[in-house]
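# Survey of secondary and tertiary structure
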Amino acid sequence: MSIQFFAPRGPDNELMKLPKTYRRSVSWLPQIGDIFPEFSVETTQGKMNFWDWAEGKWTYLFSHPAAFTPVCTTEIAALAGMHSDFEASNTQLMAITGSTIDEQKRWHGEIEDLFNVKVNFPCVADTQGALARCFGMMHPKESDDFMIRKSFVVGPEMKIRMIFEYPLFIGRSSEEILRVIKALQMRSETGAATPADWASGDSVILDEETPESYVRQVFGTGSDHIRPYLRVVYEPRG
Ligand code: BEZ
């Protein structure tokens, strides 16, 4: 599917504001490092302009196929249950799906009954699939009818920091989403990389160039040069 990006329009047929580099290209598929486009949408919490809502915070923006479907029910319930953990990490949640606002609100009521959690984050009704097409959320080999489970982590400066895609029948892990957001924040705040299976408080990785004085100041401890290509800070503090 080719996405025409000369004059992309949102769900209300309004022109979407795009950075100049996007306007020059015939099609755009979001990539890590791109500025996420501004868009205006109807959500379960009213009309929103994405940049106004998202700027200055971390955002987990994700698509899911539809209201009143089983895997989606568990995903939304799991995120709602961990909403305060995301907020504690300066992170907002926004869902995009093809179901109407009314359908989603009724469905959220059922989720509250079933799981005893409130869905307190905005959920977009992209009923015509305009956003889904722009953001690469339609994968016709997986489904002609439904969006796949696509996830973006957008940083406070509106840059896409992470993208991942799951098929229809596999639910995402809310714990893993929060884990990678914390890893991205660690990277932004300190310059450290995070090793496989990293969790908050675990050892981090630094490049050879970072001065040891910086390491001690930021992490409250020194580093270990295990190999010329592997320098680790164990049990970082602060
Ligand atoms: C689900 O959430 O389980 C689902 C939704 C749409 C198609 C297939 C599965």
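Residues numbered from 1 in each chain as written. Predicted model: local features only at pLDDT ≥ 70, side-chain atom pairs only at ≥ 80, totals over all residues. Heavy atoms only, no water.

Moving on: the site of the ligand. Near the ligand the following residues occur: Pro65, Thr69, Pro70, Val71, Cys72, Phe146, Arg149, Leu168 and Phe169. Within the backbone of Val71, a nitrogen or oxygen atom sits 2.8 Å from an oxygen atom of the ligand. Backbone polar atom of Cys72 to an oxygen atom of the ligand: 2.9 Å apart, as the coordinates give it. Broken down by element, the residue count for the shell around the ligand peaks at 3 residues, all from helix 3 (residues 70-81). Of the residues that constitute the shell around the ligand, the class distribution is 7 nonpolar, 1 polar and 1 charged. (Near = heavy atom within 4 Å. Polar contact = N/O pair within 3.5 Å; in protein donor to acceptor, adjacent residues only side chain to side chain. Helix = DSSP H or I, 4+ residues; strand = E, 2+ residues; numbered from the N terminus. Nonpolar A, V, L, I, M, F, W, Y, C, P; charged D, E, K, R; others polar.)

What follows deals with the sheet that holds strand 8 (residues 204-206). If you walk across this open sheet you meet the 3 strands as 8-10-9, and the pairing is antiparallel. Every interior strand has two partners, whereas the edge strands, strand 8 and strand 9 (224-227), have only one. For this sheet, the mean angle separating the axes of adjacent strands, direction not counted, is 40°. Bridge count for strand 9 against strand 10 (residues 230-233) is 3 bridges, and the pairing is antiparallel. When the bridges of strand 10 are listed, His225 appears paired with Arg231. (Pairing = 2+ DSSP bridges. Axes fitted to C-alpha atoms, helices over the stretch in contact; angles between N-to-C directions.)

Let us now look at the environment of Glu75. With respect to the element layout, Glu75 can be found in helix 3. Overall, Glu75 belongs to the buried group, its relative accessible area being 5%. Spatially, the C-alpha atoms of Glu75 and Ser174 are 7.7 Å apart, while their sequence positions differ by 99 residues. Among all residues touching Glu75, those that are not within four sequence positions of it are His64, Arg149, Ile170, Gly171 and Arg172. (Buried < 20%, exposed > 50% of the residue type's maximum accessible area, 1.4 Å probe, protein only. Contact = heavy atoms within 4.5 Å.)

Compared with the 24 Å implied by 1.5 Å per residue over 17 residues, the 24 Å span of helix 7 (residues 174-190) between its first and last C-alpha is a close match. Gly191 lies just past helix 7 and shows a positive phi near 85°. (Expected span 1.5 Å × (residues − 1).)

The tally for this structure, following the rule as stated, stands at 11 aromatic pairs. Centroid distance Tyr60 to Phe62: 5.0 Å. Interplanar angle 15°. Geometry classified as stacked. Side by side, Tyr60 and Phe62 carry an identical accessibility label, which is buried. Each residue in the set Phe36, Phe39, Phe50, Trp53, Phe135 and Phe152 is aromatic and connected to the rest through ring pairs, giving one cluster. (Phe/Tyr/Trp six-rings, centres within 6.5 Å; stacked < 30°, edge-to-face > 60°.)

Quick look at unusual backbone geometry now. With a phi close to 60°, Asn116 is a non-glycine residue in the positive phi region. Inspection of the secondary structure puts Asn116 in the loop between helix 5 (101-115) and strand 5 (123-125). Since its relative accessible area comes to 69%, Asn116 is described here as exposed. Located in the positive-phi region is Met158, a residue other than glycine, with phi close to 75°. Here Met158 is to be found in the loop between strand 6 (149-154) and strand 7 (160-166). Overall, Met158 belongs to the buried group, its relative accessible area being 3%.

Bear in mind that shape data such as this cannot, by itself, settle questions of function.
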